[in-house]
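In case you want the letters, here they are:
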Protein chains: 2
Amino acid sequence: MTDDARSAAPAVGRSGLTMPHAPTLEEVARRAGVSRSTASRAINGGLKVSPAAQAAVDAAIAELNYTPNRAARSLVTRRTDSVALVVPEPDERVLTDPYFAGTLQGITAALDPTDIQLVLLIARRGEEAKRTTRYLLNRHVDGAVVVSHHRDDALDQVLHDSRLPTVFVGRPWAAAGDVAFVDVDNEHGGRIATEHLIKAGCTRIATIAGPLDMAAGLDRLAGWRSALHEAGLSDEAMARGDFTSAGGAAATERLLAAYPDIDGIFAASDLMAAGALSVLARHGRSVPGDIKVVGYDDLGVATSTAPPLTTLRNPVVEMSRAAGELLLAKITGGDQEVVPRIFHAELVVRESA
Amino acid sequence: MTDDARSAAPAVGRSGLTMPHAPTLEEVARRAGVSRSTASRAINGGLKVSPAAQAAVDAAIAELNYTPNRAARSLVTRRTDSVALVVPEPDERVLTDPYFAGTLQGITAALDPTDIQLVLLIARRGEEAKRTTRYLLNRHVDGAVVVSHHRDDALDQVLHDSRLPTVFVGRPWAAAGDVAFVDVDNEHGGRIATEHLIKAGCTRIATIAGPLDMAAGLDRLAGWRSALHEAGLSDEAMARGDFTSAGGAAATERLLAAYPDIDGIFAASDLMAAGALSVLARHGRSVPGDIKVVGYDDLGVATSTAPPLTTLRNPVVEMSRAAGELLLAKITGGDQEVVPRIFHAELVVRESA
DNA sequence: GCACCTGGTGGGATCGCTCTCACCCGGTGT
DNA sequence: ACACCGGGTGAGAGCGATCCCACCAGGTGC
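Right, let's walk through the structure included here. (Residues numbered from 1 in each chain as written. Chains lettered and ligands numbered in written order. Predicted model: local features only at pLDDT ≥ 70, side-chain atom pairs only at ≥ 80, totals over all residues. Heavy atoms only, no water.)

Thoughts on the packing of aromatic side chains
Residues and elements named next belong to chain A.
Right, on to step 1. Counting across every chain of the model gives two aromatic pairs over all chains.
Right, on to step 2. Measuring from centroid to centroid gives 6.3 Å for Phe-266 and Tyr-296, while their planes differ by 55°, and the two rings are tilted. Here the residue Phe-266 occupies a position in strand 8 (residues 264-267), and Tyr-296 occupies one in the loop between strand 9 (292-294) and helix 12 (301-304), the gap between them amounting to 30 residues.
Right, on to step 3. Across the ring face of Tyr-296, the terminal group of Arg-220 is positioned such that the distance to the ring centre comes to 3.8 Å. (Phe/Tyr/Trp six-rings, centres within 6.5 Å; stacked < 30°, edge-to-face > 60°. Helix = DSSP H or I, 4+ residues; strand = E, 2+ residues; numbered from the N terminus. Lys NZ or Arg CZ within 6 Å of the ring centre and 35° of its normal.)

Spelled out as C-alpha cells, the structure:
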C-alpha cells in the first residue's frame, strides 16, 4: 500500500480528480497571514488573539473548509474527544431491544453540543471483553457510559480502579458509593405496578423477573415483593425471564403450570409482558378479565400489544441524556462529588390492567 | 490545565496512586531489548522479524499491558481505524425503531474481527448536517455506512464525490450505478405481500406506504402496485405513513374514511401495521376476518401484536453485516467493482392474513 | 574474487497539532 | 529614568507511532 494519493503519477479513478489533501493548520495560518500558534489559539477559544487575527483565521478556515486533524490534536492533548458507550451484552437479542436505542438517543443528545464522538463498544465475554477493557484502560476514550451492566462483567470495579471518567446507566454492583450512575427508581416502580394490581382486586399476583444479575432485575423484583408483603399477599409466584419476549413467554408457561390460579402478573419489561400476553391468549385467559398484566418500560411495544399494556414509563432517553451530561461534567470538571441521579418511573394505565 | 499526571508533586485523588502513564512503544522496545522499529514490525504483522525478537516483544507487550496509541498511529498512517455509521435522521422517534438496532448489530458483527471502532454520527438537518459532512470529508474516518438515507440529505452525492469508502444500507437515490449498497428486494417483498392477500381472497387491497423520499418506501409501494395491476385490481387505496406506529394508525383512519370497504392492507412496516391493528380493533373490524393485514420487517414487533402479524422477514442484521464487510473490502481492497448485494425478504405467515 | 540478493535490524525524519517560552509592544507605578 | 505588567505574537520542542533508508550478516552466482 503506497501513498498513491500524493504520488506524482496521474490520478486514478473514474472521476479523474486527485485526492484533495485535507488542509492543515499550517496552511490556514499561511493564508491568514499569521503563525501556526496564533491560528491554533484562534481555533481553540481565541484567548489572547486580536480581533483582526481572529477574523483572518476564521476566514481562512471557511475558505479552506478546514477541520483540525483529530489524531494530531489527541497526540499532544492526551484527550481523544471521544467517549465510549460500553454494552457488555453477550446476548445479541437484547441489542434489538428498543431500550438500547433509547440509550443511544439520549447520549447522542447530550453529546450533541460538544464535538465529542460516540464510539460503540460491544463487549462480548472472554477474550473480547479483555480487549475492550484494555482499550478503555489505555485511555483511548476520555470517558465511558456503561449500559446493561451485569454482575460478572466486573466493569464497575475495573473502571472505578482505572479512574477513567465513567457513568453507569443503572446502578452498578460494586463500589456503589464511588461510581457515578443514573437510574430509575426500579424498586418503587415495581411496587407501584404491583399496588396497581392489588387495587384492581388481584390477590394472587405473579411476577416475571428480569435477569437477577442486573440491578434493574433485582430492584423491580424487590418492589413487587415489598408491595405484596405490605398487603399480606404471597410472593411465591416468581419466574425468571431475560427481558426478551421469548423469555417472557416461557416464564409465563412455567407460571401457569405451577400456579394456575394467578390473577395478576407484573412483568419486569414490556417485551416480556408481550410474550406473556401471547401465551395467555393461547391458553384462553382473557386480559384483563381473567388475568391483569402490568409491564415496564413503555418504549413503543406497550401500545402495539393487544390489549395495550398498562406499564411503567421508563424515562430511558432522559436518563441516558443525564448520564451523558454527567459524564461530560466529570471529564471537564474533574473529580467532583458523585451524586446519582434517580429518575421516576410513572404508571401509564392502558387496558391490560 | 498543567500536565499534573507527570509532575513531581505528590499524586492527588482519593486512591493516592499516580496515573499509570500508558506504556509507549519505546518502553516495549527497551524491555524487549530491541529497537522501536523492530518492536513496531513485530506488532504489525511481524514480517522480517526473527522469532526471538518477536517473542521478546510479545512478552514485553503482555507484561506492560501495552496498546498502541491510536492517535500517534493515525497521524502517520493516515488511517483512523474507525468507520462511521451515519444516520441522517431528523426524526428522533425513528431511532427507537428496532430496525436501527438491527443495523447496529450487523455492522458491529462485521467489524468484530478487526479492531476498527464504530463511531456514530447522527446527522440532524441544517448546520449539524454540514458539520457531519465536513467531518466525513476530512477523512476522520476510513469509511462510512449510511442507513436511513433520505432523498434530500444528499449524502449519496456528497460521499460519492468525496471518494470516501461508503456503503449504503438501502438503495441510494443518485449515482446508483457507482455507489455501493446492500438492500433487500423491497419491490419483490411488496409484491409477495400483496399476492398473499390476493390469494387469501382480498379484492380491495390498500397500502400504508412508507416515506416516499426513501427508497424502501417507494419500492414497497411499487411492489404493491405491480401485484395489483397484474391481478387487475385497483391501486387507489394508498395512504402515506412514516414507518412509525402512530403514523400507521393515522393512515389507517384516513384509509377507512376514504375506502370503508377495504378487505386487505399491506403496511410497509410492522410498526405501521401495529398501528393499523389497533385502529381496526377500535373500529370493530376483525383481523383477519373482516380485513387481512400484512406487515414488513419481522423484527420482534410482529409477534407481540394481536393477532400476530403475517409479515416479510427483513434480514436487517445479515444485510448490515454484509454492508460492514463490503465496507471493509472497499477500505482495504481499494476501488474494486461495485456489486450491490440484494437480500431476499421472505413471507412469514402468522395470523393477521 | 566481486556483485547481488534476502532476512533482519536500528536510526532518524515525519505526520499535524498544542504548548511552553521568549519576546515585543505600549501603558503605569515609583 | 527604570522596572513591571499584560495583551498579543512566533519559534521550536515535543506527543508516539510508522516507514524509509542505510546497514550488516551470510548465502549464491559468476
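Following the structure, the description resumes.
Digging into the protein's contact with DNA strand C
Right, on to step 1. Of all residues adjacent to DNA strand C, which total 27 residues, the nearest are Leu-25 and Tyr-66 of chain A together with Ser-37, Thr-38 and Arg-78 of chain B.
Right, on to step 2. In this structure, Asn-69 of chain A approaches DNA strand C through a main-chain N or O atom, which is 3.2 Å from a phosphate oxygen.
Right, on to step 3. The biggest single contributor to the surface near DNA strand C is helix 4 (residues 70-77) of chain A, with five residues.
Right, on to step 4. The class makeup of the residues in the surface near DNA strand C is eleven nonpolar, ten polar and six charged. (Near = heavy atom within 4 Å. Polar contact = N/O pair within 3.5 Å; in protein donor to acceptor, adjacent residues only side chain to side chain. Nonpolar A, V, L, I, M, F, W, Y, C, P; charged D, E, K, R; others polar.)

Regarding unusual backbone geometry
Residues and elements named next belong to chain A.
Right, on to step 1. Of note, the bond from Val-287 into Pro-288 is cis; its omega dihedral lies within 30 degrees of zero at 5°.
Right, on to step 2. Here Pro-288 shows up in the loop between helix 11 (270-282) and strand 9.
Right, on to step 3. Phi is positive for Asp-81, close to 55°, though the residue is something other than glycine.
Right, on to step 4. Relative to the helices and strands, Asp-81 is located in the loop between helix 4 and strand 1 (82-87).
Right, on to step 5. Owing to a relative accessible area of 13%, Asp-81 belongs among the buried residues under this scheme.
Right, on to step 6. The phi angle at Asp-298 is positive, at roughly 55°, despite the residue not being glycine.
Right, on to step 7. Relative to the helices and strands, Asp-298 is located in the loop between strand 9 and helix 12.
Right, on to step 8. Residue Asp-298 is classed as buried on the basis of its relative accessible area, which comes to 16%. (Buried < 20%, exposed > 50% of the residue type's maximum accessible area, 1.4 Å probe, protein only.)

Examining the nonpolar core
Grouped burial of nonpolar side chains is what soluble globular proteins tend to show.
Right, on to step 1. Grouped together as the largest cluster of nonpolar side chains are 86 residues, with contacts concentrated most on Leu-85 and Leu-104 of chain A together with Leu-85 and Leu-104 of chain B.
Right, on to step 2. If we ignore the near neighbours within four places in the chain, the residues touching Leu-104 of chain A are Leu-85, Leu-118 and Leu-120 of chain A together with Phe-100, Leu-104 and Leu-120 of chain B.
Right, on to step 3. Val-119 and Leu-136 of chain A together with Leu-121 and Phe-181 of chain B belong to the second-largest nonpolar core, a separate cluster that totals 30 residues. (Core = buried A, V, L, I, M, F, W, Y, C linked by side-chain atoms within 4.5 Å. Contact = heavy atoms within 4.5 Å.)

Focus: the pattern of salt bridges
Right, on to step 1. In total, this model carries 25 salt bridges over all chains according to the counting rule given.
Right, on to step 2. For the salt bridge of Arg-79 of chain B with Asp-81 of chain B, the shortest nitrogen-to-oxygen distance reads 3.1 Å.
Right, on to step 3. Among the residues examined, Arg-79 of chain B registers a relative accessible area of 38% and is labelled partly exposed.
Right, on to step 4. Asp-298 of chain B serves as the salt-bridge partner of Arg-350 of chain B, at 3.1 Å between the closest nitrogen and oxygen. One end of the pair, Arg-350 of chain B, is in the segment after strand 12 (346-348); the other, Asp-298 of chain B, is in the loop between strand 9 (292-294) and helix 12 (301-304), with 52 residues separating them in the sequence.
Right, on to step 5. What makes Arg-350 of chain B partly exposed here is its relative accessible area of 24%.
Right, on to step 6. Each member of the salt-bridge network shares a partner with another, and the members are Arg-204, Asp-261 and Asp-263 of chain A. (Salt bridge = Lys/Arg side-chain N within 4 Å of Asp/Glu carboxyl O.)

Remarks on the relation of the copies chain A and chain B
Right, on to step 1. It takes a turn of 180° to lay chain A on chain B, together with a shift of 0.1 Å along the axis; the resulting RMSD is 0.1 Å. Both copies are brought into coincidence by an operation consistent with a two-fold rotation axis.
Right, on to step 2. The overlap is high: 92% of the interface residues of chain A also sit at the interface in chain B, so the same surface is used on both sides. (Least-squares fit on C-alpha atoms with pLDDT ≥ 70 in both.)

Describing the side chain of Ser-162 of chain B
Right, on to step 1. The topology assignment puts Ser-162 of chain B in helix 7 (residues 155-162).
Right, on to step 2. Those residues within four positions of Ser-162 of chain B in sequence are excluded, and the remaining contacts are Leu-137 and Arg-139 of chain B.

A closer look at the sheet that holds strand 9 of chain B
Residues and elements named next belong to chain B.
Right, on to step 1. With respect to topology, four strands assemble into an open sheet ordered 7-6-8-9, the strand pairing being parallel. At either end of the open sheet lies a strand with only one pairing partner, and these are strand 7 (238-240) and strand 9. When the angles between neighbouring strand axes are averaged without regard to direction, this sheet yields 15°.
Right, on to step 2. As paired elements, strand 6 (residues 205-209) and strand 7 share three bridges and run parallel to each other. Paired with Thr-207 across the strands is Met-238, a residue of strand 7.
Right, on to step 3. Against the sheet, helix 8 (residues 186-199) contacts strand 6, strand 8 (264-267) and strand 9, and its axis sits at roughly 165° relative to strand 8. (Pairing = 2+ DSSP bridges. Axes fitted to C-alpha atoms, helices over the stretch in contact; angles between N-to-C directions.)

These values are about where atoms sit, not about what they do.
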